[in-house]
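# Residue-level structure breakdown
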Amino acid sequence: MSKKYNIAVIPGDGIGPEITTAAIEVLEAASSRNGIEIFTKELKAGGAAIDEFGIPLPQETIEGAKESDAVLLGAVGGPKWDDVDPEIRPERALLGLRSGLDLYANIRPVVLHEGLETASPLKNPGKVDFVIVRELTGGIYFGKNGVYQSGDRLPDGTVKGKVAFDTESYSEGEINRILKIGFDLADKRRKKLTLVDKANVLISSRMWRTLATQMSFDYPDVELDFLYVDNAAMQLISRPSSFDVIVTSNIFGDILSDEAGQVVGSIGMLPSASVGMPGKPGLFEPIHGSAPDLAGQNKANPLATILSCAMMMRTMFGEEEVANSIENAVKKTLAAGLRTSDITFVGETNNITLVGTKEITQAVIDNL
Ligand code: NAD
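My aim in this report is to walk through the structure given alongside it, one point at a time. (Residues numbered from 1 in each chain as written. Predicted model: local features only at pLDDT ≥ 70, side-chain atom pairs only at ≥ 80, totals over all residues. Heavy atoms only, no water.)

### Let's talk about the overall build of the chain
A count of helical and extended segments in the chain gives 11 helices and 14 strands. The C-alpha radius of gyration computed for the chain amounts to 21 Å, which stays within 12% of the reference 21 Å derived for 368 residues, consistent with globular compactness. Once local pairs closer than 6 in sequence are excluded, the contacts in the chain between residues at least 24 apart make up 74%. When the accessible surface of the chain is summed, it comes to about 16,500 Å², and 53% of that surface belongs to carbon and sulfur atoms. For the chain, the centre of its 36 positive side-chain charges and the centre of its 50 negative side-chain charges are spaced 3 Å apart. (Helix = DSSP H or I, 4+ residues; strand = E, 2+ residues; numbered from the N terminus. Rg over C-alpha atoms; globule rule 2.2 N^0.38 Å. Contact = heavy atoms within 4.5 Å. Areas by Shrake-Rupley, 256 points an atom, 1.4 Å probe, with all protein chains shown as cover. Lys, Arg positive; Asp, Glu negative; His and termini not counted. Charge placed at Lys NZ, Arg CZ, Asp CG, Glu CD.)

So, in structure tokens, the structure goes:
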């Protein structure tokens, strides 16, 4: 074997360990067929790290992630840690990893796979194949926030009392670097970029629009259009097949990608790649959470995590063949009618076999 990649694996909580185990099995099998060795190192984050170290993101996890070639993450969080101090909630690990590795762009392909048309709640979804490019280290999740006491009164006389605030703030630099990722991607795809914002209300959104318009002159073949986020939420349902690349802020991307997950059948089908500085490790993870309701029952759909490994091989290492072989194996598995419960529907009987996490993983490996 000539090539070796060191992957930091952060299983996290809930279904995290099951889906990362499944994805690594597929990744190792697909890589070895192409003469590539995969070395893994397991790191703790989220609730699992709170239990062991008292904090969601220990220094050794950040260091281990930085030393790796790429990071695979399951999901973090769960009811067990819902009441811990907000400063050490499991989800803090995500923000810490993203900012610690300077992963400012989250790329979320949304594809309705052949055979899953009936899993979509839409009557005629059409051919859905678009990408959401979400800004990941700025905006309201990282802006100035706080709580203060106010003695002021509302117009009806009610005392305001405590005031809690979060701030949406973006710099030109932050916006331009994510826009460039979006334009480059659109240029390689169907050449359509939609900027989703709330420019009718927010000053920061108006800056996104100005900068997107300026950058569009460098991409004469890419058609740029704009949608307010509330309208975008409707259009994703009414005409999902018309989108190519959507670029948006941290919070809007967070919300719209869950909606997109439903459009293509299940959130368990959506992979993602978080990338930043060239040459630095990216982070690859399904967009869903830790699904505590399914944990430990061999019911979780591992395909989003498996597809995240395909994104890792393509985006980080340029291993197009390995990435294609994983994606084709997932397609074959679905075409053969294998389904986890999240992508199986009442009344759907034609050649559909309901299977668990382990069985669908083995089928993907057999189909490589
Ligand atoms: P969730 O994504 O975990 O679950 C939402 C629904 O989707 C549930 O019904 C779940 O069973 C289902 N689902 C999710 N992934 C699935 C899969 N792979 N296969 C089959 N079904 C799947 O979201 P939630 O319930 O809002 O959150 C649960 C926990 O996960 C919370 O603690 C939350 O903070 C955390 N969370 C973590 C991340 C992350 O680590 N990136 C993201 C979102 C939520």
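### A short note on the pairing of strand S7 (residues 159-166)
As defined by bridge partners, strand S6 (residues 145-153) adjoins S7 across 7 bridges and the pair is classed as antiparallel. Looking at the pairing, Gln149 lines up with Lys162 of S7. Connecting the antiparallel pair S6 and S7 is a turn made up of 5 residues, with Gly157 showing a positive phi of about 95°. (Pairing = 2+ DSSP bridges.)

### Re the environment of Arg177
With respect to the helices and strands, the residue Arg177 is situated in helix H5 (residues 172-188). Arg177 sits 99 residues away from Gly276 along the chain, and the two C-alpha atoms are 9.5 Å apart. The contacts of Arg177, once residues within four sequence positions are left out, are Asp102, Tyr104 and Thr137.

### Observations concerning the packing of helix H3 (residues 59-67) against helix H4 (residues 92-100)
H4 packs onto H3 with a crossing angle of 40° between their chain directions and a minimal axis gap of 11 Å. With respect to H4, the axis of H3 lies oblique. In this structure, the crossing between H3 and H4 has a hand that is right-handed. On the side of H3, the interface is formed by Ile62, Ala65 and Lys66, while H4 contributes Gly96, Leu97 and Gly100. Among the residues making up the contact of H3 with H4, the classes are represented as 3 nonpolar, 2 polar and 1 charged. (Axes fitted to C-alpha atoms, helices over the stretch in contact; angles between N-to-C directions. Parallel < 35°, antiparallel > 145°, perpendicular 65-115°, else oblique. Left-handed = near helix turned anticlockwise from the far one by under 90°. Nonpolar A, V, L, I, M, F, W, Y, C, P; charged D, E, K, R; others polar.)

### Notes on the site of the ligand
Around the ligand, 20 residues are found, and the nearest of them are Val76, Glu91, Gly289, Ala291 and Asp293. In this structure, an oxygen atom belonging to the ligand sits 2.8 Å away from a main-chain N or O atom of Ala291. Residue classes in the shell around the ligand are distributed as 9 nonpolar, 7 polar and 4 charged. (Near = heavy atom within 4 Å. Polar contact = N/O pair within 3.5 Å; in protein donor to acceptor, adjacent residues only side chain to side chain.)

### Brief notes about the pattern of salt bridges
Scanning the entire structure with this criterion turns up 15 salt bridges. Notably, a salt bridge pairs Lys80 with Asp51, separated by 2.7 Å at the nearest N-O pair. Taken together, the positions of Lys80 in the loop between strand S3 (70-75) and H4 and Asp51 in helix H2 (residues 47-53) put the pair 29 residues apart, joining distant regions of the chain. Overall, Lys80 belongs to the exposed group, its relative accessible area being 58%. One salt bridge in this structure joins Arg314 and Glu327, with 2.9 Å as the shortest N-O distance. Placement of Arg314 in helix H9 (residues 303-315) and of Glu327 in helix H10 (residues 320-335) is noted, with a sequence separation of 13 residues between them. Taken together, the salt bridges that share partners define one network made up of Asp82, Arg89 and Glu91. (Salt bridge = Lys/Arg side-chain N within 4 Å of Asp/Glu carboxyl O. Buried < 20%, exposed > 50% of the residue type's maximum accessible area, 1.4 Å probe, protein only.)

### As for the side chain of Asn250
Looking at the secondary structure, you find Asn250 in helix H8 (residues 250-263). Take Asn250: its relative accessible area is 1%, and that puts it in the buried class. One polar contact links the side chain of Asn250 to the main-chain carbonyl oxygen of Leu136, over a distance of 3.2 Å. Sequence-distant contacts of Asn250, defined by excluding residues within four places in its chain, comprise Arg134, Glu135, Leu136, Thr137, Gly138, Tyr141, Phe142 and Tyr170.

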